[in-house]
Amino acid sequence: MVHHHHHHHHRSSSSSSLLSQKLQHRIYWISTVARLYLMAMVCQRQEDLKQALDLYRQFLAKARHQLGHSHLHVATVLYMKGMALFDQRKLHHAMLAQLAAMRIHEYHGDDGNPTELARVMYSIGRTLHDREDYRDALSMYLRTLQLQTRNNRDSFEAVTTMCNIARVHHICGELEPCLTMNRQIVDLTRRLTGGNRHPFLADRLVVLGNVLLEVGRTSDAMDAFSGAARAGGGEHLRSSSYDVDTRSAKFLGRVGLQHPGAASA
């Protein structure tokens, strides 16, 4: 640990030495933090999750000491730590880190970063989803979606959240809300992909068609399936619903920034 010398007897030698001391301190802090943070992110990318978590813990200890517990940098690292724990399937501990990150964002209120907050809330919903706490997952997803669609912004992040909302409704046997959400997903996907031909759109039309069949609306289902054939060719129609879900999740993982991506279960 570097010791910071804050001796006050240099005061007479002008304020510039004080400034340079402050600057040195800041540079030291930024370089330490950058090193820990970047190394942790690299480890997480390489799926060395144990090492990543270790570095995040070191970072948090330093950051809380230097920046205070409610700094937004601390929230970012808590979120990253939560993701590493999620990937290790330590869902309970992931949840604690994610909730701590959310509390910091909420503490900052309107001065905070709504995009970051949405990402944290989505991750909490996703952890609850995997824990099979479907009610809580749903309410967290809905709060996330509100943030993501403010100012009528269209994004694949919003699509990801909507896909998970539709899936939770489906798991809970709530077919009407599931249907409504799937229609909205198809509409939003058309807007985002700018037309009628896109493999992701084809997959979402297949999902919509399957739900329509479940509620006995056969001719609407046929329309959805023929839309899917136009959008992505015949192979989409022969896919099992598992294939469709996995492909959807993969596609959203590539275009969106949300980690973890859409649930395929």
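Residues numbered from 1 in each chain as written. Predicted model: local features only at pLDDT ≥ 70, side-chain atom pairs only at ≥ 80, totals over all residues. Heavy atoms only, no water.

Attention shifts here to the overall build of the protein. In terms of regular secondary structure, the protein is built from twelve helices and zero strands. Each helix and strand of the protein, placed in order from N terminus to C terminus, yields the pattern α-α-α-α-α-α-α-α-α-α-α-α. Across the 265 residues that make up the protein, the buried fraction comes to 44%. In the protein, 61% of the contacts between residues at least 6 apart in sequence involve partners at least 24 apart. As presented, the protein carries roughly 14200 Å² of accessible surface, and 54% of it is formed by carbon and sulfur atoms. (Helix = DSSP H or I, 4+ residues; strand = E, 2+ residues; numbered from the N terminus. Buried < 20%, exposed > 50% of the residue type's maximum accessible area, 1.4 Å probe, protein only. Contact = heavy atoms within 4.5 Å. Areas by Shrake-Rupley, 256 points an atom, 1.4 Å probe, with all protein chains shown as cover.)

For the rest of this paragraph, the subject is the environment of Leu208. With respect to the helices and strands, the residue Leu208 is situated in helix H9 (residues 199–214). For Leu208, a relative accessible area of 5% corresponds to the buried category. Taking the C-alpha atoms as reference points, Leu208 and Asn182, 26 residues apart in sequence, are found 5.7 Å from one another. Those residues within four positions of Leu208 in sequence are excluded, and the remaining contacts are Leu179, Asn182, Arg183 and Val186.

Another aspect to go through is the nonpolar core. By size, the foremost hydrophobic cluster in this structure holds 55 residues, and its most contacted members are Leu78, Met102, Ile124, Val159, Met181, Ile185 and Leu252. Among the elements that make up this core, the one with the highest residue count is helix H3 (residues 72–87) (ten residues). Ranked by size, the runner-up nonpolar core spans 17 residues in total, among them Leu179, Val186, Ala221 and Ala224. (Core = buried A, V, L, I, M, F, W, Y, C linked by side-chain atoms within 4.5 Å.)

By the definition in use, this model includes one aromatic pair. Summarising the aromatic geometry, the rings of Tyr122 and Tyr141 are spaced 6.0 Å apart at their centres and angled 35° between planes, so their arrangement reads as tilted. Remark: Tyr141 occurs in helix H6 (residues 134–148) and Tyr122 occurs in helix H5 (residues 114–130); sequence separation between them is 19 residues. Across the pair, Tyr141 and Tyr122 agree in class, each one buried. Directly above the ring of Phe86 sits Arg89, whose terminal nitrogen or CZ lies 4.7 Å from the centroid. (Phe/Tyr/Trp six-rings, centres within 6.5 Å; stacked < 30°, edge-to-face > 60°. Lys NZ or Arg CZ within 6 Å of the ring centre and 35° of its normal.)

Before going further, it helps to examine H6. Between its first and last C-alpha atoms H6 spans 20 Å; for 15 residues at 1.5 Å apiece the expected length is 21 Å, and the two agree. Residues of H6 that are buried include every one of Ala137, Leu138, Met140, Tyr141, Thr144, Leu145 and Gln148, and no others. On its buried face, H6 sits against helix H4 (91–108), H5, helix H7 (156–171) and helix H8 (175–193). (Expected span 1.5 Å × (residues − 1).)

This part covers the packing of H5 against H6. Interhelical geometry of H5 versus H6 gives an angle of 160° and a closest axis separation of 8 Å. In terms of their interaxial angle, H5 and H6 are classed as roughly antiparallel. Viewed along their axes, H5 and H6 form a crossing whose handedness is left-handed. Of the residues in H6, those touching H5 at Pro114, Leu117, Ala118, Met121, Tyr122, Ile124, Gly125, Arg126, Leu128 and His129 are Tyr134, Asp136, Ala137, Met140, Tyr141, Arg143, Thr144, Leu147 and Gln148. Taken together, the residues of the contact of H5 with H6 sort by class into twelve nonpolar, four polar and three charged. (Axes fitted to C-alpha atoms, helices over the stretch in contact; angles between N-to-C directions. Parallel < 35°, antiparallel > 145°, perpendicular 65-115°, else oblique. Left-handed = near helix turned anticlockwise from the far one by under 90°. Nonpolar A, V, L, I, M, F, W, Y, C, P; charged D, E, K, R; others polar.)

Right, let's talk about the pattern of salt bridges for a bit. Scanning the entire structure with this criterion turns up nine salt bridges. For Glu106, the salt bridge goes to Arg143, with nearest N and O atoms at 3.0 Å. Taken together, the residues Glu106 in helix H4 and Arg143 in helix H6 connect sequence positions 37 residues apart. Under the relative-accessibility criterion, Glu106 is labelled partly exposed at 38%. Its relative accessible area of 36% is what places Arg143 among the partly exposed residues. We note a salt bridge from Asp154 to Arg191, for which the minimum N-O separation is 2.8 Å. Taken together, the residues span a long stretch of sequence, with Asp154 in the loop between H6 and H7 and Arg191 in helix H8 at a distance of 37 residues. We classify Arg191 as exposed; its relative accessible area is 52%. Several salt bridges share partner residues, and in doing so they unite Arg89, Arg126 and Asp130 into one network. (Salt bridge = Lys/Arg side-chain N within 4 Å of Asp/Glu carboxyl O.)

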